[in-house]
Amino acid sequence: MRVMIDACVLYPTVMREVLLGIARAGLFQARWSDRVLEEWARATRKLGPEAEIFARGEIAALEIDFPDARITVPPEAGRRFHLPDPDDVHVLAAAVVGSCDGIMTVNNKDFPRGALSDEGLARFNPDEFCCRMFDEAPDVVRAVAEAVLDRARAMSDPDWTMRGLMKKARMPRLGKALS
């Protein structure tokens with residue numbers, strides 16, 4: 001399954017690490033565009049200039065880990081699409097150009113199911129999607145989540161619990177399933 005990932009899913013870190021870990025394990029094929037990656041890098045600026053530098057380094061690493069993930073969107077590709085937020089049309093265009101099965105986003109209002117289904121696309125919420133992947137491959141998802149939890153404990157707070165970390169990452173259902 002090919003899934004176009006919106007920038008709001010790549011930033012925050014924990015959500016990104018869980019989803020990309022699941023993709024690395026082969027449970028789905030992650031896709032993104034240059035514009036999505038740029039939005040992610042720019043979003044980190046609010047944390048300071050070093051955060052953007054770090055994000056750009058992560059983007060470079062993604063190119064190695066996911067060499068087929070980047071979708072090149074011709075400028076004219078989005079002209080026929082309409083969404084509530086015109087700035088999100090590029091995500092829909094990339095999903096169509098990249099023959100994706102759906103778009104992963106937390107911005108439900110900006111990606112109405114009707115507009116997506118007209119293009120043969122589903123809308124995936126990261127928490128629901130990860131729970132579905134957990135149902136299909138519990139050992140894989142658990143291993144990915146445990147690795148993310150270990151990194152969070154090492155980098156910020158040794159008292160993180162799985163449920164607490166996933167809740168903070170806006171994936172409370174996954175946290176509950178893993179606990």
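*Asks:* How should I be thinking about the side chain of Asp6 in this particular structure?
*Replies:* Examined against the element boundaries, Asp6 turns out to sit in the loop between β1 (2-5) and α1 (7-10). For the buried Asp6, no salt bridge exists, and the shortest N-O distance to an oppositely charged side chain is 9.0 Å, to Arg170. Of the polar contacts made by the side chain of Asp6, one reaches the side chain of Thr105; its length is 2.9 Å. Those residues in contact with Asp6 that lie beyond four places of it in its chain are Val36, Val91, Met104, Thr105, Asn107 and Phe111.

*Asks:* Sorry, what's going on with the nonpolar core here?
*Replies:* Generally speaking, a soluble globular protein has its nonpolar side chains buried in company with each other. Ranked by internal contacts, the top residues of the largest apolar core, which has 63 residues, are Met4, Val18, Trp32, Ile103 and Leu174. With seven residues, the top contributor of residues to this core is helix α2 (residues 13-24). The residues contacting Met4, other than those within four sequence positions of it, are Arg31, Trp32, Ser33, Val36, Ile71, Val91, Ala94, Ala95, Cys100, Gly102, Ile103 and Met104.

*Asks:* Would you take a moment to explain the pairing of β1 for this structure?
*Replies:* Across three bridges, β1 lies against strand β2 (residues 29-33) in parallel orientation. Residue pairing in the sheet places Arg2 in a bridge with Gln29 of β2. Sheet analysis places β1 next to strand β4 (residues 102-104), joined by three bridges and oriented parallel. By the bridge assignment, Val3 is partnered in β4 with Gly102.

*Asks:* What is the right way to read the sheet that holds β4 from this model?
*Replies:* Picture the strands of a sheet paired through backbone hydrogen bonds; they go either parallel or antiparallel. Pairing is parallel in the open sheet, where five strands are placed in the order β3-β2-β1-β4-β5. Of all the strands in the sheet, the pair left with one neighbour each is β3 (70-71) and β5 (122-124). Relative to β3, β2 is paired through two bridges, and the arrangement is parallel. By the bridge assignment, Trp32 is partnered in β3 with Arg70. The sheet strands contacting helix α3 (residues 34-43) are β1, β2 and β3, and the helix crosses β2 at an angle near 80 degrees.

*Asks:* Hey, could you run me through the packing of aromatic side chains in this one?
*Replies:* Here a ring pair, both rings aromatic, is described through the centre-centre distance and the interplanar angle of the planes. With the rule as written, the count across this model stands at three aromatic pairs. Among the aromatic residues, those joined into a cluster by ring pairs are Phe28, Phe124 and Phe129.

*Asks:* Can you walk me through helix α4 (residues 49-65) in this structure?
*Replies:* Residues that lie three or four places apart on an α-helix share one face, since the helix turns once every 3.6 residues. Under the 1.5 Å per step criterion, the end-to-end length of α4 is 25 Å for 17 residues, consistent within 8% with the ideal 24 Å. Those residues of α4 lying buried are Ala51, Glu52, Ala55, Glu58, Ile59 and Leu62. Burial along α4 is one-sided: seen end-on, the buried residues are contained in an arc of 115 degrees. In α4, those exposed residues whose orientation departs by more than 90 degrees from the buried face are Pro49, Glu50, Ile53, Phe54 and Ile64. Elements that come into contact with the buried residues of α4 comprise α2, β2, α3 and β3.

Parameters and conventions
Residues numbered from 1 in each chain as written. Predicted model: local features only at pLDDT ≥ 70, side-chain atom pairs only at ≥ 80, totals over all residues. Heavy atoms only, no water. Helix = DSSP H or I, 4+ residues; strand = E, 2+ residues; numbered from the N terminus. Buried < 20%, exposed > 50% of the residue type's maximum accessible area, 1.4 Å probe, protein only. Lys, Arg positive; Asp, Glu negative; His and termini not counted. Salt bridge = Lys/Arg side-chain N within 4 Å of Asp/Glu carboxyl O. Polar contact = N/O pair within 3.5 Å; in protein donor to acceptor, adjacent residues only side chain to side chain. Contact = heavy atoms within 4.5 Å. Core = buried A, V, L, I, M, F, W, Y, C linked by side-chain atoms within 4.5 Å. Pairing = 2+ DSSP bridges. Axes fitted to C-alpha atoms, helices over the stretch in contact; angles between N-to-C directions. Phe/Tyr/Trp six-rings, centres within 6.5 Å; stacked < 30°, edge-to-face > 60°. Expected span 1.5 Å × (residues − 1). Arc of directions from axis to C-beta.

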